[in-house]
Amino acid sequence: MNVSITLRDIGPLSIPGMEGGSPIVIAGPCSAETEAQTLETAWALTGMGVKVFRAGVWKPRTMPGGFEGVGDRGLAWLQTVKRELGMMVATEVATVDHVRAALEAGIDILWIGARTSANPFAVQDIADALQGHDQVTVLVKNPVNPDLDLWIGALQRIRNAGVTRLGAVHRGFSSAGAHLYRNDPQWHIPFELRRLAPSMTILCDPSHIGGKRQYVEHLSQIALDTGFDGLMIESHIQPDKALSDSAQQVEPKELKEILQHLVVRSGAPIDDELSLLRQQIDDCDHEMLAVLARRMSVAREIGRFKKAHNLRVVQPQRYQDMIDARLDEAAHLGLEADFTQRVMQSIHEESVRQQLNLFKD
Ligand code: PEP
Ligand code: MN
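Residues numbered from 1 in each chain as written. Chains lettered and ligands numbered in written order. Predicted model: local features only at pLDDT ≥ 70, side-chain atom pairs only at ≥ 80, totals over all residues. Heavy atoms only, no water.

Could you give an account of the coordination of the manganese ion (ligand 2), with specific residues and numbers?
Within the first shell, the manganese ion (ligand 2) binds the protein through Cys30 (SG), His208 (NE2), Glu234 (OE) and Asp245 (OD), at distances of 2.1 to 2.4 Å. The motif formed by the donor residues of the manganese ion (ligand 2), counted along the single chain, is C-x177-H-x25-E-x10-D. Taken together, the residues span a long stretch of sequence, with Cys30 in the loop between strand 1 (24-28) and helix 1 (35-44) and Asp245 in the loop between strand 8 (230-234) and helix 10 (252-261) at a distance of 215 residues. Each member of the pair, Cys30 as well as Asp245, is classed as buried. (Donors = N, O, S within 2.8 Å, 3.2 Å for Na, K, Ca; no water. Helix = DSSP H or I, 4+ residues; strand = E, 2+ residues; numbered from the N terminus. Buried < 20%, exposed > 50% of the residue type's maximum accessible area, 1.4 Å probe, protein only.)

Right, dumping it as structure tokens:
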């Protein structure tokens, strides 16, 4: 295994017709359902800058009994799209058999789905099947769980198999509890991946993050504003009749409008005004870190006191009062309750960890 290749060495993908820094747009239905639905959707997506057509033919479904894709025969429909419309074609692979069938059919881009990238055995099998096929492009979606290392590990396994045309897709993370979106974006995770892999193509899949078609445009704009290289968007000729992910697919004509509305901003080096503002951000962060260090030092002092007096580390009433007081104060400062709560919980968790450490001695 060649572990010397780092993500830093992975260059950007070049998609014919998308040179010059414009975002890569991959679009198409969640699933290829019939030949007519596949071809009509692909046809409707031409002429709006979509250079890559996606469609799943093998669908990993959470529950048994759902539509599991049309299987190998869908590959022939993708071949027709490629041949007749000149689009590149992409599909999901989850097993060695899928990889073999997709390569044989000349599928240009294979993507590894979120349920598969969470499983290193499955990813390694796929990587082994890709050995020697260095012309294919592979996209690795983030694993369903918010684990950056697992995502990096999957990318690394595919890279080590000799695949150089490699990119990542951010599609959000499963999370318990009610959320606005189907999958929690946790943007800091792909941002960290970007820091580690500055040149690698990282796309955003706003369809699977949002879970509803009305969020697609907003999430796409966030993605473009935060440095993603492009988008993978689900589009179906009749979304309400789709056999999978019906609520999040957009009609091709709606996609055209979304793409027209999106603003592509410069990633060029910053000008003076921006660098001054960024300096202010840096200053705020320095202050914040110094305050956090001071807070932890006080927390350790309290920890020593609790230990000396045989008191429990966590005192629920004090914790509740602290959170209530901070939420109240934060509201006056115009900070969101949800954000404040997450920050304070995380800080408190670290104080508790530090105090428990003292209890070990
Ligand atoms: C898909 O792209 O249709 C899909 C199943 O994606 P994910 O693996 O992100 O759920
Ligand atoms: Mn889907």
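Kindly report on the site of ligand 1, identifying the contributing residues and their values.
The local shell around ligand 1 consists of Cys30, Arg54, Lys59, Glu92, Trp111, Gly113, Ala114, Arg115, Lys141, Arg171, His208 and Glu234. The separation between an oxygen atom of ligand 1 and a polar side-chain atom of Lys141 is 2.8 Å. With respect to ligand 1, the side chain of His208 contributes an N or O atom lying 3.3 Å from an oxygen atom. Considering ligand 1 on its own, with 290 Å² of exposed area, one finds that the protein chains cover 97% of that surface. Of the residues contributing to the shell around ligand 1, the split by class is three nonpolar, two polar and seven charged. (Near = heavy atom within 4 Å. Polar contact = N/O pair within 3.5 Å; in protein donor to acceptor, adjacent residues only side chain to side chain. Areas by Shrake-Rupley, 256 points an atom, 1.4 Å probe, with all protein chains shown as cover. Nonpolar A, V, L, I, M, F, W, Y, C, P; charged D, E, K, R; others polar.)

Give a description of the sheet that holds strand 5 (residues 137-141) that names residues and reports values.
Ordered in space as 1-2-3-4-5-6-7-8, the eight strands form a closed barrel in which the pairing is parallel. Strand-to-strand twist in this sheet, taken as the mean axis angle between neighbours without regard to direction, amounts to 25 degrees. One ladder, built from four bridges, connects strand 4 (residues 109-112) with strand 5; its direction is parallel. The residue bridging Ile112 from the neighbouring strand is Val140, located in strand 5. (Pairing = 2+ DSSP bridges. Axes fitted to C-alpha atoms, helices over the stretch in contact; angles between N-to-C directions.)

Let's hear about the pattern of salt bridges: which residues, and what values?
Summed over the entire model, instances satisfying the criterion amount to 12 salt bridges. In this structure, the salt-bridge partner of Lys141 is Asp205, at a minimum N-O distance of 2.8 Å. In this pair, Lys141 sits in strand 5 while Asp205 sits in the loop between strand 7 (201-204) and helix 8 (206-210), placing the two residues 64 residues apart along the sequence. For the pair shown, Lys141 and Asp205 are each scored as buried. The partner of Arg182 in a salt bridge is Asp245, and the shortest N-O contact between them spans 3.1 Å. Residue Arg182 is located in the loop between strand 6 (166-170) and helix 7 (188-196), and its partner Asp245 is located in the loop between strand 8 and helix 10; the two are separated by 63 residues in the primary sequence. (Salt bridge = Lys/Arg side-chain N within 4 Å of Asp/Glu carboxyl O.)

Before we move on, could you go through the environment of Asp128 and cite the residues and values that matter?
Its location among the elements puts Asp128 in helix 5 (residues 120-130). The exposure class of Asp128 is partly exposed, given its relative accessible area of 43%.

Which residues make up the pairing of strand 6, and what values go with them?
Where a strand is regular, its side chains alternate between the two sheet faces. Of all five residues that make up strand 6, five are buried, and the element is covered over most of its length. Here strand 6 shows two buried faces, one formed by Leu166, Ala168 and His170 and the other by Gly167 and Val169. In this structure, strand 5 lies alongside strand 6, joined through four bridges in parallel fashion. Bridging across to strand 6, Lys141 finds its partner in Val169. Summarising the sheet, strand 6 and strand 7 pair through four bridges and their orientation is parallel.

Function-wise, these values are silent; they only describe arrangement.
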